[in-house]
2 protein chains.
Amino acid sequence: MDENARSPAGPIAVVGAGSWGTALAIHLARQGRTARLWARDPALAREIIARGENARYLPGLALPPGVRVTADAHEALVGAGLVVVAVPSHGFAAVVARLGGAIPPEAAIVSATKGLEPETRRRMSEVLADLLPGRPVAVLSGPSFAREVALGRPAALVVAAADADVSRRVQRTLASLAFRLYTNTDVVGVELGGALKNVVAIAAGISDSLGLGENARAALVTRGLAEIARLGAALGAHPGTFAGLAGLGDLVLTCAGTLSRNRALGLAVGAGRSLAEAEGSSPMVAEGVRTVTSALILARAAGVSLPISEEVAAILFHGKSARDALAAILARGLRPETETVGFYR
Amino acid sequence: MDENARSPAGPIAVVGAGSWGTALAIHLARQGRTARLWARDPALAREIIARGENARYLPGLALPPGVRVTADAHEALVGAGLVVVAVPSHGFAAVVARLGGAIPPEAAIVSATKGLEPETRRRMSEVLADLLPGRPVAVLSGPSFAREVALGRPAALVVAAADADVSRRVQRTLASLAFRLYTNTDVVGVELGGALKNVVAIAAGISDSLGLGENARAALVTRGLAEIARLGAALGAHPGTFAGLAGLGDLVLTCAGTLSRNRALGLAVGAGRSLAEAEGSSPMVAEGVRTVTSALILARAAGVSLPISEEVAAILFHGKSARDALAAILARGLRPETETVGFYR
């Protein structure tokens, strides 16, 4: 294959044909590159090819010819200079274990997944380092509804890698005028920002479903970011990262955005639907449901308090009424603001 | 008057019968207090009294009996233990100069105005200190759409004073279960957060009117907060304040909120209306139009760059096309994220 001869990174493979993987492949094809889009499910691959669109995860958007869909790992990965992995966090390790042997040793591997592995609480870059040690790894995060990226609307994201050469290489390969990428070396912070904001987004959806209003939601977002930064710092992230695109930026988008599945799940749960019902209403995964449990385990071990996450878990898993839980979050005594967001000081 | 005998602060006066002053008076009356609401315009005072609502600035909300409306300064201020000033920033000094003699010397004076004085770039607490030296002064800021507060929906705000005794006194007097107040000693940061976010909200409205999408708006909010924090720190604020309710919280609300007049002005201007047309369409003041000029003057003197504010000013005052200006904001080269939000590091 010489389809990507003009790319500095060689051919690009996108692993995972959900909405985000498909959107990234469309974005790359729009830049004149060929993106090989790997779908785990051969039926989905056939369906996408037959229809010329991913009707299941990104309906209504025709795939440009530069997107080559396949369920064959070798076909997707042979000679690839860059491999983007965009699968749900709970399936990430299995997919990497299955495909790892086919990923060229020199390829940069980019996790575009926002979440923590449920059983192990590993970040996705940790999964990659464990399964494919020594490979050049980066993570991609930031405010990015897939549909908007697929439509070519402007977005700004972060590429983080411990090795700045790797993040710059990924930046050169994936960025465009409309798809701005900023590099960062704080892999831990960028991954945690993307994972933990989904929990706050569920809380925001619940608040909205209770009609608490925009003032309450703004307060929730503010306290939510402080909570994320607190846990993040305890886990080795740089707090400043949470003020950037992968923290604040993604949190704002997910909590207010009309396309957020985590907020939508919160809306459904707040309206009285069970978690099973709320999760069953969309083929897409609301990562926050899994992340909240992981976050609480990590926080307990680190001695950090996560009041918003505690209440979200109480609603989702222990039948606490949404109204009582939100009241508990919003009513936390009169005290100096520095006690709650003092983290940034 | 012994109407507020049970209040620790004595009677409360709210100066300014716009939407925010009226909402604060309604909130206080709901707590069982009497709030004397002073309207500069006697015709407005008569109209509010006759209708039992402030149809001009907060239509559809009946005033509870605890709100006593008057255009007589003495009647509003005699014996007041707390005076909240909620008038537009360009009229703030004139109102304080006019009423100052009637404000009891021991009364705590709370600025609830978000903006900078256009001619002098003074913050409102500086205006108070200049006109009424030695008085106990505090500022009230944070995410707070007036209508929601008037409806009793939950909100969380910040009261800042150099003297923590003053902010605690204001907190005890104004706070309720639904109206949470957090104290802070960073008066500069709390005032600048409330003022500068209006400029970013105009940019967000312009972005939305151009259909750039939610990813672009989230990026704009993130870069906007970094810009606010950069200028704030140069002017003596504590950067951590901008991660709190008066920074991030208010910014998020104003940039995404459906009730934001600054965002609404950006929407109108982005759709091609002139500034005069956009400003004429509402009796309410979009503070950001004045703040942007002040911010740029302050930034130039401090050697700080404000790319978003520069482009907003170019659109509002120099006829630059909204599309060109937004493209300039969003396209700022590929570089490490730390160069743009490094401020928090």
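Please read these numbers as outputs of a predicted model, since none were measured by experiment. Think of each chain on its own: its residues are numbered from 1, step by step along the sequence as written. Chain labels run from A onward and ligand labels from 1 onward, assigned in the order the entries are written. Only residues with pLDDT of at least 70 get local features here, since the model is predicted, and only at 80 or more are side-chain atom pairs given and counted; chain-wide, interface and lining totals rely on the full set of residues. The side-chain values count all of the structure's non-hydrogen atoms but skip hydrogen atoms and water molecules.

Q: Break down the packing of helix H8 (residues 187-209) of chain A against helix H14 (residues 307-318) of chain A for me, citing the residues and quoting the values.
A: Residue and element names in this part refer to chain A. Between N-to-C directions, angles span 0 to 180 degrees; the directions come from axes that are lines fitted to C-alpha atoms, helices contributing only their stretch in contact. Only runs of H or I of at least four residues qualify as helices and only runs of E of at least two qualify as strands under DSSP, and these elements are numbered from the N terminus. H14 packs onto H8 with a crossing angle of 65 degrees between their chain directions and a minimal axis gap of 9 Å. Read as a crossing pair, H8 and H14 show a hand that is left-handed. Contacts between H8 and H14 involve Val199, Ile202, Ala203 and Ile206 from the first element and Ile308, Ser309, Val312, Ile315 and Leu316 from the second. When residue character is reported, Ala, Val, Leu, Ile, Met, Phe, Trp, Tyr, Cys and Pro are called nonpolar, Asp, Glu, Lys and Arg charged, and the others, Gly included, polar. Split into classes, the residues belonging to the contact of H8 with H14 amount to eight nonpolar, one polar and no charged. Crossings are classed by handedness, with left-handed meaning an anticlockwise turn of the near helix from the far one by less than a right angle and right-handed meaning a clockwise turn. For this analysis, residues touch if any pair of their heavy atoms sits within 4.5 Å.

Q: Before we move on, can you summarise the interface of chain A and chain B with the specific residues and values?
A: Contact residues are listed per partner, giving 56 residues for chain A and 56 residues for chain B. When two components associate, each loses some accessible surface as probed by a 1.4 Å sphere; the sum of these losses over both components is called the buried area. A buried area of about 4700 Å², summed over both sides, lies between chain A and chain B, and 57% of it is on carbon and sulfur atoms. Take a side-chain nitrogen of Lys or Arg and a carboxyl oxygen of Asp or Glu: if they are within 4 Å of each other, that pair is a salt bridge. Taken together, chain A and chain B are joined by zero salt bridges. Each polar contact in these results corresponds to two N or O atoms within 3.5 Å; when the atoms are within protein, one needs to be able to donate a hydrogen and the other to accept it, and residues that are neighboring in sequence are counted only if both atoms are side-chain atoms. Along the contact surface separating chain A from chain B lie 15 residue pairs in polar contact (both at pLDDT 80 or more). Top contributing element to the side of chain A that touches chain B by residue count: helix H9 (residues 214-234) of chain A, with nine residues.

Q: Please give an account of the pairing of strand E2 (residues 35-38) of chain A that cites residues and values.
A: Residues and elements named next belong to chain A. Each residue gets one of three labels from its accessible area relative to the maximum for its type: buried under 20%, exposed over 50%, partly exposed in between, using a 1.4 Å probe on protein chains only. Taking every second residue as pointing to the same face, both faces of E2 are buried, with Ala35 and Leu37 on one and Arg36 and Trp38 on the other. Across four bridges, strand E1 (residues 12-15) lies against E2 in parallel orientation. Looking at the pairing, Val14 lines up with Leu37 of E2. When the strands point away from the viewer and the path from the first strand over the helix to the second turns clockwise, the crossover is right-handed. In this fold, E1 hands off to helix H1 (residues 19-30), which returns the chain to E2; that crossover is right-handed. Note: two strands are recorded as paired if DSSP finds a minimum of 2 bridges between them. Bridge count between E2 and strand E3 (residues 67-70): four bridges; the pairing is parallel. Note on E3: the bridge partner recorded for Trp38 is Thr70.

Q: Please provide a residue-by-residue account of the relation of the copies chain A and chain B, values included.
A: A least-squares fit on C-alpha atoms brings the copies together, and the residues used are those whose pLDDT is at least 70 in both copies. For the pair chain A and chain B, the relating rotation is 180 degrees, the translation along its axis is 0.0 Å, and the fit reaches an RMSD of 0.0 Å. Overall, the copies show the geometry of a two-fold rotation axis. An overlap of 100% is found between the interface residues of chain A and their copies at the interface of chain B, pointing to a shared contact surface.

Q: Please give an account of the confidence of the model for chain A that cites residues and values.
A: For any part of a model where pLDDT is low, the fine detail of the predicted coordinates should not be relied upon. Residues and elements named next belong to chain A. Within chain A, residue pLDDT values average 92, and 93% of them lie at 70 or more. By definition, pLDDT measures how confident the predictor is in each residue, and it falls between 0 and 100. Low pLDDT, under 50, characterises residues 1-7; the stretch is placed with 17 contacts to residues that sit more than four places away or in other chains. pLDDT under 50 marks residues 339-345. Its contacts with residues more than four places away, or in other chains, come to 26 contacts. Across the predicted assembly, pTM comes out at 0.92 and ipTM at 0.93.

Q: Pulling in residues and values, what's your account of the pairing of strand E5 (residues 108-111) of chain B?
A: Note on strand geometry: in a regular strand, side chains alternate between the two faces of the sheet. Residues and elements named next belong to chain B. Alternating positions in E5 separate into two faces, Ala108 and Val110 on one and Ile109 and Ser111 on the other, with burial throughout. Note: strand E4 (residues 82-85) against E5, four bridges, orientation parallel. The partner of Val84 across the bridge, within E5, is Val110. In this region the chain leaves E4, passes through helix H4 (residues 89-99) and returns to the parallel neighbour E5; the handedness of that crossover is right-handed. Between the parallel elements E5 and strand E6 (residues 137-141), the chain passes through helix H5 (residues 124-131) in a crossover that is right-handed.

Q: I'd love a proper account of the pattern of salt bridges, names of residues and values included.
A: Residues and elements named next belong to chain A. According to the stated counting rule, one finds 24 salt bridges over all chains in the structure shown. Between Arg56 and Glu47 there is a salt bridge; the shortest N-O distance is 3.6 Å. Here Arg56 falls in the partly exposed class, since its relative accessible area comes to 34%. Exposure remark for Glu47: the relative accessible area of 27% places this residue in the partly exposed category. Taking the shortest distance from any N to any O, the salt bridge between Arg123 and Glu126 comes out at 3.2 Å. Looking at Arg123, the relative accessible area reads 13%, which means it is buried. Glu126 gets classed as partly exposed once you look at its relative accessible area, which sits at 29%. Via salt bridges that share partners, Asp41, Glu47 and Arg56 belong to a single interconnected network.

Q: Got a sec to walk through the sheet that holds strand E7 (residues 155-160) of chain A? Specific residues and values, please.
A: All names here are of chain A. Reading across the sheet, the eight strands line up as E3-E2-E1-E4-E5-E6-E7-E8 and stay open at both edges, with mixed pairing between neighbours. Across the chains shown, the open sheet's two edge strands, defined by having one partner strand only, are E3 and strand E8 (179-184). Each strand of the sheet is rotated relative to its neighbour by a mean of 25 degrees, with strand direction disregarded. As paired elements, E7 and E8 share six bridges and run parallel to each other. Residue pairing for E8: Val159 is matched across the bridge by Thr183. In this fold H1 packs onto E1, E2, E3, strand E4 (82-85), strand E6 (137-141), E7 and E8, with an angle of close to 165 degrees to the strand it touches most, E2. Across the face of the sheet, helix H7 (residues 164-174) comes into contact with E1, E4, strand E5 (108-111), E6, E7 and E8 while running at roughly 180 degrees to E8.

Q: Pulling in residues and values, what's your account of the sheet that holds strand E7 (residues 155-160) of chain B?
A: All names here are of chain B. Taken in spatial order, the eight strands line up as E3-E2-E1-E4-E5-E6-E7-E8 in an open sheet, and their pairing is mixed. The sheet is open, and its two borders are formed by strand E3 (67-70) and strand E8 (179-184), each paired with just one other strand. With strand direction ignored, the average angle separating the axes of adjacent strands in the sheet is 25 degrees. Against the sheet, helix H1 (residues 19-30) makes contact with strand E1 (12-15), strand E2 (35-38), E3, E4, E6, E7 and E8, and its axis sits at roughly 165 degrees relative to E2, the strand it touches most.

Q: An account of the nonpolar core is requested, with residue identities and associated values reported.
A: Residues Leu265(A), Leu316(A), Leu265(B) and Leu316(B) are the most contacted members of the largest nonpolar core, which totals 102 residues. With sequence-adjacent residues up to four places away left out, Leu265(A) is seen in contact with Ile202(A), Leu275(A), Ala278(A), Glu279(A), Ala286(A), Val289(A) and Leu316(A). To qualify as a nonpolar core, a set must consist of buried Ala, Val, Leu, Ile, Met, Phe, Trp, Tyr and Cys residues joined through side-chain atoms within 4.5 Å. Among the nonpolar cores identified, the runner-up in size contains 43 residues, and Trp20(A), Leu58(A), Ala86(A) and Val170(A) belong to it.

Q: Outline the environment of Leu196(A), listing residues and values.
A: Residue and element names in this part refer to chain A. Tracing the chain through its elements places Leu196 in helix H8. By relative accessible area, which is 5% here, Leu196 ends up buried. Separated by 28 residues in the primary sequence, Leu196 and Gly224 place their C-alpha atoms 9.1 Å from one another. What Leu196 contacts, discounting residues up to four positions off in sequence, is Ile228, Leu231, Thr291 and Ala295.

Q: Let's hear about helix H5 (residues 124-131) of chain A: which residues, and what values?
A: All names here are of chain A. Where H5 is concerned, the buried positions are Met124, Ser125, Val127 and Leu128. Looking straight down H5, one finds that the buried residues subtend no more than 155 degrees of arc, so they occupy a single side. Packed against the buried residues of H5 are helix H4 (89-99), E5, E6 and H8. This arc is built from the directions going out from the helix axis to the C-beta atoms.

Q: Any details on unusual backbone geometry? Residues and values, ideally.
A: Notably, Arg121(A) is not glycine yet its phi reads approximately 60 degrees, a positive angle. Tracing the backbone through its elements, the reader meets Arg121(A) in the loop between E5 and H5.

Q: Quick rundown of helix H2 (residues 42-51) of chain A? Include the residues and the values.
A: All names here are of chain A. Buried within H2 we find Leu44, Ala45 and Ile48. Projected down its long axis, H2 carries its buried residues within an arc of 100 degrees, all on one side. Opposite the buried face of H2, at more than 90 degrees from it, the exposed residues are Arg46 and Ala50. Lining the buried residues of H2 we find E3. Its side-chain oxygen placed 2.9 Å from the backbone nitrogen of Ala43, Asp41 serves as the N-cap of H2. Trailing H2 by a residue or two, Gly52 shows a phi angle of about 75 degrees, which is positive.

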